[in-house]
Amino acid sequence: MVRVGRIGKGLRVLVAVAGVGLLINGSVRASDDAWPFGPMSQYAMSVPDDAKIDYTRVSAVTDAGTTVDVPLNIEGAGVARAEIEARAGEIVKNPSLLQQVADGWARKHPDQPKYVKLELIRDTTQLVKGRVEGPPTSQVLATWEVRR
Amino acid sequence: MRLANWFTPMIALARIAWLRTILYLFVILDMHAFVRDTRDKGEHPGLYQPLLLARLLDLPKPSVANTTVLYVVLIVACLIGATNYFPRVAGWIVAPAFTWWVLIGMSDGKVDHDHLALVIALWVLPTVKAGRRGRRGLASYGDQTRSEAAGWAIRCVQISVIATYFLSAVAKLRSAGWALSWPGSAVLTWAIVRRPHPVGEWLLHYPWVLHVMQWVGIIGEFCSPVILWLKGRWQLFGALFFIGFHAANTAILLIHFLPTVVCWLAFAPLERVVPWFRQRRSDRDAREAEDQAEHGRQAEQQAGA
């Protein structure tokens, strides 16, 4: 049996209690910025029964003349959908941020058609009494002609 | 004093050895499967938005150079730590390095909440010294020396696992202005519409099923701290409930929370693995010896007949 000394034990208890305190503080008043002591807020919001559900995506016109949905993940364009959603406001103000999506795609898929024009699109699904009502409507938020 | 002892139960060092191996190898998996865009962020720091901890410590912006060094250091330190030779030196390297790795990975406007227990585990594991006889490497997996330092590290991981659930219930109350509207809301419908896939889309036709799942989820999260005081089989049931909860989430939303799930092992009596194997082997040897003796007797009888 190995016991820890009085000071060792006191320190350990103090650290644990302080950690729990930081966690409670984070959950009660901090934001995600305080990671790892921020609130556990993923999927924590109450969505009303008549909510509009937004889904943000990026659509691309390629140099082969096709229109495709950009795969927003690390293997696809090197950037995750969540990042695009979180920064949608900034992209609307400054569409050149979309250049990174085209660059990421071109770098990861050199043998595939390149993107020449990108559109940030928001699909909106309407809920009625908690159920999905009809197909989503689409709105173009930002357009970017890709620089070579 | 009783409170202090609750934070430092006596737990065999073998459990720490097992957790080191499992968690340090898991970190390598995590770097390639879950928080896997840290090096990409080094190449394209355009969307980098440092979190509070990175600003407080004035950590440099991710670059190809620093993320590549971080990657190599982490892989080497994890491999060494996983062997249980020099686990404390390796552990004190892994803890800050992986924290920085995840910090970069989450510095793009989206923060995931599945890494709390793993990150805390990495910080507490290196505080545990080897026993008096100093068993290292292979011998450490069977070390039954019970230690308060080991118990504290285990307790910290257990608290972090439970906090992940309990605090997510708190966050659900907070986001509704401290009201209980989450379980009756359309949150799962919302989540499925945004992460479409067959099982989830089928469930969209049955909103009442989704509401039942929301109630079960939030009640489970609120009651989760009880598991810290449960023992034996009841604690196992508690753990299985939450592992089932993650299985359901994975089926409906493809959200797996594996970095938290692996930390449930802090509740498991891993120190019994080696004695259990030894017992089985010695039982088998004894049986074989008996069989041989029996065989010998039969041969004698036949010879005598």
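Residues numbered from 1 in each chain as written. Chains lettered and ligands numbered in written order. Predicted model: local features only at pLDDT ≥ 70, side-chain atom pairs only at ≥ 80, totals over all residues. Heavy atoms only, no water.

The name that an unreviewed UniProt entry assigns to chain B is HTTM-like domain-containing protein, with the source organism given as Kribbella sindirgiensis. Taken from UniProt, the Subcellular location (unreviewed entry) comment for chain B reads in full: "Endomembrane system". (UniProt positions renumbered as here; feature names shortened; annotations may be inferred.)

J.: Please clarify how the overall build of chain B should be interpreted in this entry.
T.: Each helix and strand in chain B was counted, giving 14 helices and two strands. Taking 305 residues into account, the globule formula puts the C-alpha radius of gyration at 19 Å, and chain B, at 24 Å, lies well above it. Per-residue burial over chain B gives 51% buried out of 305 residues. Counting only contacts in chain B whose residues sit at least 6 apart along the sequence, the fraction spanning at least 24 positions is 81%. Element-wise, carbon and sulfur atoms account for 65% of the exposed surface of chain B, whose accessible area totals about 14900 Å². Charge-centre separation for chain B: the mean point of 30 positive side chains lies 8 Å from the mean point of 20 negative side chains. (Helix = DSSP H or I, 4+ residues; strand = E, 2+ residues; numbered from the N terminus. Rg over C-alpha atoms; globule rule 2.2 N^0.38 Å. Buried < 20%, exposed > 50% of the residue type's maximum accessible area, 1.4 Å probe, protein only. Contact = heavy atoms within 4.5 Å. Areas by Shrake-Rupley, 256 points an atom, 1.4 Å probe, with all protein chains shown as cover. Lys, Arg positive; Asp, Glu negative; His and termini not counted. Charge placed at Lys NZ, Arg CZ, Asp CG, Glu CD.)

J.: I keep staring at helix α9 (residues 187-194) of chain B and nothing clicks. Help me out?
T.: Residues spaced three or four apart along an α-helix point in a common direction, a consequence of the helix completing one turn every 3.6 residues. Burial of α9 of chain B is extensive: eight of the eight residues sit out of reach of the surface. Of the residues making up α9 of chain B, those classed as buried are V187, L188, T189, W190, A191, I192, V193 and R194 of chain B.

J.: Whenever I open this one, the nonpolar core confuses me. Can you help?
T.: A general tendency of soluble globular proteins is for nonpolar side chains to be buried together. One finds L74, F98, W101 and W264 of chain B to be the most contacted residues of the largest nonpolar core, which totals 73 residues. Counting only elements with at least two residues in this core, the list comes to α1 (6-29) of chain A together with α1 (2-7), α2 (13-33), α5 (64-83), α6 (87-105), α7 (116-124), α8 (148-175) and α12 (232-253) of chain B. Dropping the residues within four chain positions of it, L74 of chain B is found in contact with V27, M31, V94, A97, F98 and W101 of chain B. By size, the runner-up hydrophobic cluster in this structure holds 21 residues, among which are I53 of chain A together with W182, A186 and L204 of chain B. (Core = buried A, V, L, I, M, F, W, Y, C linked by side-chain atoms within 4.5 Å.)

J.: Explain the domain arrangement of chain A to me, please; I cannot follow it from the model alone.
T.: Where the parts come together, the accessible area they lose is often given as the size of the interface. Here the domain parsing of chain A yields domain 1 (1-45) and domain 2 (52-145). Centre-to-centre, using C-alpha coordinates, domain 1 of chain A lies 38 Å away from domain 2 of chain A. (Domains from an automatic or database assignment.)

J.: What is the right way to look at the packing of aromatic side chains in this model?
T.: Two descriptors summarise a pair of aromatic rings, namely the distance from one centre to the other and the angle between the planes of the rings. All names here are of chain B. Applying the stated criterion to the full structure yields 19 aromatic pairs over all chains. Between W202 and Y206, the ring centres sit 5.3 Å apart and the planes meet at 55 degrees, which makes this aromatic pair tilted. Taking NZ or CZ as reference, R136 lies 5.1 Å from the ring centre of F86, over its face. Between the NZ or CZ atom of R155 and the centre of the ring of W6, over which it lies, the distance is 4.2 Å. (Phe/Tyr/Trp six-rings, centres within 6.5 Å; stacked < 30°, edge-to-face > 60°. Lys NZ or Arg CZ within 6 Å of the ring centre and 35° of its normal.)

J.: Explain the environment of R148 of chain A to me, please; I cannot follow it from the model alone.
T.: Tracing the sequence through the fold places R148 of chain A in the segment after β4 (131-145). Along the chain, R148 of chain A and Y115 of chain A lie 33 residues apart, while their C-alpha atoms are 9.8 Å from each other.

J.: Help me out: how do you make sense of the environment of R194 of chain B in this one?
T.: With respect to the helices and strands, the residue R194 of chain B is situated in helix α9. Separated by 59 residues in sequence, R194 of chain B and L253 of chain B have C-alpha atoms that sit 9.2 Å apart. Looking at R194 of chain B, its side chain comes within polar contact range of the main-chain oxygen of D54 of chain A, at 2.8 Å. (Polar contact = N/O pair within 3.5 Å; in protein donor to acceptor, adjacent residues only side chain to side chain.)

J.: Quick question: what am I supposed to make of the UniProt feature "transmembrane region" (unreviewed entry) in chain B here?
T.: In the numbering adopted here, UniProt assigns the feature "transmembrane region" (unreviewed entry) to residues 12-35, 63-82, 89-107, 152-171, 208-230 and 237-267 of chain B. With 68% helix and 0% strand, residues 237-267 of chain B has end C-alpha atoms that lie 12 Å from one another.

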